[in-house]
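Each chain, letter by letter, is given below.
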Amino acid sequence: MTQRKTIPGLILAILAAAGVLRAQQEVLLKISEGVPMVAVALPPFIVRTASPEAQAAALEIQQVLADDVKASRVFQPLPKEYYGYIRPLNPDKIFFKDWDSIQAKLLVTGELSADDSGRTVFSGKLYDVKSERFIVGKRYQTEKSGLRLIAHKMADELMKLYGEKPVFATRIVFVSNRDGNDEIYMMDYDGANQTRITFNKVKDYMPAWSPDQRTIAYTSYKRGNADLYLRNIYEGKETLIASKGTSYAAAFSPDGKKLAFCSTMSEEGNAEIYVLDLETMKTKRLTYSGGIDTAPSWSPTGREIAFTSDRTGQGAPQVYIMDAEGSNVRKVSFGGSYFDSPAWSPTGDRIAYVARVENIFDLYILNLRTNQATKLTESNARNETPSWSPDGRHIVFTSNMSGSLQVYMIDYDGANLHRLTDRGENKLANWTN
Amino acid sequence: MKKFLIYALAIVLVFSFAVSCKKKPKEVPPPPPQAQEQPKVEKVEQPVVKEPVLSEEDIYLQKSLEQINKEKPLANIYFDYDKALIRDDARPVLEANSGWLAKFKTIKILIAGNCDERGTEEYNMALGEKRAKAAMDYLATLGVSAGRMKIISYGKSQPVDPGHNEAAWQKNRRDEFLVIEK
């Protein structure tokens, strides 16, 4: 009798809890450290057309997909030589025991063909080896320019399968002077397809992606003043959203409905943080300190904002957190005299920022649960303006470690540091938030 | 016959008189010499427009903004590391700048604040603007009307010296004064 009562009660409780979570729309990701990575088998794709272009396309997709898997920190590609230990893949009848015997957890198969108009058609399938189960299949059709994107989309299918946010088909926006003056560009997460976005022929500055990566907020000096603009890069539509004072350091809220930014638009001309509601287009001021308040970054729940302020001493900025309405301000940086550029991780529990110590700029990660800060970069250089990947495993930032300013990527634990740009000077990379 | 001679004589006389009247000028006394009689020398020249004497201000304002700014009529001022306070060595410079602005009353200026590379991007944008504002406020106390001044910050994105030493950093921590309207 008691058991009977308990079970429906428990179910109710679970449902209620689920309802609460849903209502808050919290998507808090968790990075499990020390968990072994999932081995993915990527046997050579089958090519159904005889053309050498199709062969090359298959190799390109395969290579990019393998690189994505390697970069993911969730999966790792099975060493190629393992495939020689078992029977070659027969897509019509897969011997899962073979794949299990070489420790593959996931199997990705791909087939390449051409449609009537000569476009590449790629069909990819994901299998769970242990349970001998087909999980998901995707068909993509593309011109040559889309081959890398196909691979990235396939890799994102793997990520989604493991409850992760898609990363590989997302893009990084940044500032480059490669064509003469500072303009805004974007690139794939791996540095490929570097494409110019703005053509203002003046100084464009501090771009920030909307969550759907269709719109950027950025500062341009094109009217002779540092004004803030929104530009839908695929429709070419541009809106001037702040033209009084100097406005910069924009950050979209995680739901894409609001834009936080720094501006001196007020009467006294002090740098304060504002939030623009993108539905009503009304601007609300959040900070009122006499010091400089800048560099807002939203928490993944959208309920809090991290920012920089020198309210306790000019020339000594610190990192603070406030509620998204501007109340409940508390300082979170400690033990140093110069902090800036907070970037709240999509996992919610970490804030990356820059600290200046003895004229060296390094990135640190503050763990909000343990209140411990860990140094992420270690170079006798300036490492600046961190921005997280959507899954919180990678950070893009600007560094002069090679001499000129370039965009680099590093993993959350300091691994896999590599450079993404090399033409001209490149800076102010933004991936999320 | 006598009569005929008389007539003939009379005719001759009359005729000769008539002829003599025509030929011989009348005995008129010559008119007294008068000044008007002397033909005046009339100068016939194209009128030449004389160039007006230009004031220093007029001469200056004839130049293009680009030329004016090239001559750098307004000197830079410099700042301490991480600071936006007007230094003692900047005061005479600002006084000279305000004097120049008092001379050219129509000129409007842009004050551009800049920082060295040893600050972060966001904080330097704000610091650069504070430096520009400090100069604007100081010029205002010297009598330059606020409507003639605009400020802008370039953060650390426009260094004049790309070096990585104190000499370069000091040059980069500056306010520049540009003429934007005349």
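Residues numbered from 1 in each chain as written. Chains lettered and ligands numbered in written order. Predicted model: local features only at pLDDT ≥ 70, side-chain atom pairs only at ≥ 80, totals over all residues.

J.: Can you lay out the overall build of chain B for me, pointing to particular residues and giving the numbers?
T.: On a plain count of helices and strands, chain B comes out with 6 helices and 4 strands. In chain B, which comprises 182 residues, the proportion classed as buried is 29%. (Helix = DSSP H or I, 4+ residues; strand = E, 2+ residues; numbered from the N terminus. Buried ≥ 20, exposed ≤ 12 C-beta atoms within 10 Å, placed from the backbone.)

J.: Give me the lowdown on the interface of chain B and chain A, citing residues and values where you can.
T.: Between chain B and chain A, the residue contacts involve 15 residues of the former and 25 residues of the latter. Contributing elements (two or more residues each) for the side of chain B that touches chain A: helix 5 (121–141) and strand 3 (149–153) of chain B. Sorting elements by how many residues they give to the side of chain B that touches chain A places helix 5 of chain B first, with 7 residues. Of the residues that constitute the side of chain B that touches chain A, the class distribution is 4 nonpolar, 3 polar and 8 charged. (Contact = placed C-beta atoms within 7 Å. Nonpolar A, V, L, I, M, F, W, Y, C, P; charged D, E, K, R; others polar.)

J.: Would you mind going over the packing of helix 4 (residues 91–103) of chain B against helix 5 of chain B in detail, with residue names and values included?
T.: Residue and element names in this part refer to chain B. Following both chains from N to C, one finds helix 4 and helix 5 inclined at 60°, their axes separated by 10 Å at the closest point. On the basis of the axis angle, helix 4 is oblique to helix 5. Helix 5 is crossed by helix 4, and the crossing has right-handed handedness. Contact with helix 4, carried on its side by Leu 94, Asn 97 and Ser 98, involves Ala 135, Tyr 138 and Leu 139 of helix 5 and no other residues of that element. Of the residues assigned to the contact of helix 4 with helix 5, the class counts are 4 nonpolar, 2 polar and no charged. (Axes fitted to C-alpha atoms, helices over the stretch in contact; angles between N-to-C directions. Parallel < 35°, antiparallel > 145°, perpendicular 65-115°, else oblique. Left-handed = near helix turned anticlockwise from the far one by under 90°.)

J.: With reference to specific residues and values, describe the nonpolar core.
T.: In this structure, Val 40, Ile 61 and Phe 261 of chain A are the most contacted members of the largest nonpolar core, which totals 136 residues. Top element by residues in this core is helix 5 of chain B. It accounts for 9 residues. Residue assignment places this core across two domains, with domain 1 (38–161) and domain 2 (171–430) of chain A each supplying three or more. Setting aside residues up to four positions removed in sequence, Ile 61 of chain A forms contacts with Phe 45, Gly 110, Phe 122, Leu 147, Ile 150 and Ala 151 of chain A. (Core = buried A, V, L, I, M, F, W, Y, C linked by C-beta atoms within 7 Å. Domains from an automatic or database assignment.)

J.: Tell me about the domain arrangement of chain A, and please be specific about residues and values.
T.: Residues and elements named next belong to chain A. Splitting chain A by domain gives domain 1 (38–161) and domain 2 (171–430). Between the C-alpha centres of domain 1 and domain 2 there is a distance of 36 Å. In this assembly, 5 residues from domain 1 lie in contact with 6 residues from domain 2. Sort the elements by how many residues they give to the side of domain 1 that touches domain 2 and helix 4 (residues 147–161) lands first, with 3 residues.

J.: For the confidence of the model for chain A, give the residues involved together with the corresponding values.
T.: Taken as a whole, chain A shows an average pLDDT of 91; of its residues, 92% reach a score of 70 or greater. Every residue in residues 1–27 of chain A is under pLDDT 50, and counting partners more than four places away or in other chains gives 3 contacts. (pLDDT = per-residue confidence, 0-100.)

J.: Quick rundown of the sheet that holds strand 30 (residues 426–430) of chain A? Include the residues and the values.
T.: Residues and elements named next belong to chain A. In space, the 4 strands of this open sheet follow the order 9-8-7-30, with antiparallel pairing throughout. In the strand order of this sheet, the two ends are held by strand 9 (195–196) and strand 30, each with one partner. Strand direction decides the pairing type here: strand 8 (residues 183–188) and strand 9, joined by 2 bridges, are antiparallel. Along strand 9, the bridge assignment pairs Met 186 with Thr 195. (Pairing = 2+ DSSP bridges.)

J.: Please provide a residue-by-residue account of helix 4 of chain A, values included.
T.: All names here are of chain A. If you check helix 4, its first and last C-alpha atoms are 22 Å apart, about what 15 residues at 1.5 Å a residue would give, namely 21 Å. Along helix 4, 11 of the 15 residues are buried, which leaves the element largely enclosed by surrounding structure. Looking at the buried residues of helix 4, the elements they touch are strand 1 (38–41), helix 2 (52–71), strand 3 (75–77), strand 5 (120–128), strand 6 (133–142) and strand 8. Immediately downstream of helix 4, the backbone of Gly 163 shows phi near 75°, a positive value. (Expected span 1.5 Å × (residues − 1).)

J.: Lay out the pairing of strand 4 (residues 106–114) of chain A with the relevant residues and their values.
T.: Residue and element names in this part refer to chain A. Both strand 1 and strand 4 contribute to a ladder of 2 bridges, which runs parallel. Residue pairing for strand 4: Val 40 is matched across the bridge by Leu 106. One ladder, built from 2 bridges, connects strand 2 (residues 46–47) with strand 4; its direction is parallel. When the bridges of strand 4 are listed, Val 47 appears paired with Leu 112. In this structure, the hairpin formed by strand 4 and strand 5 is closed by a connection of 5 residues, where Gly 118 is found at a positive phi of approximately 85°.

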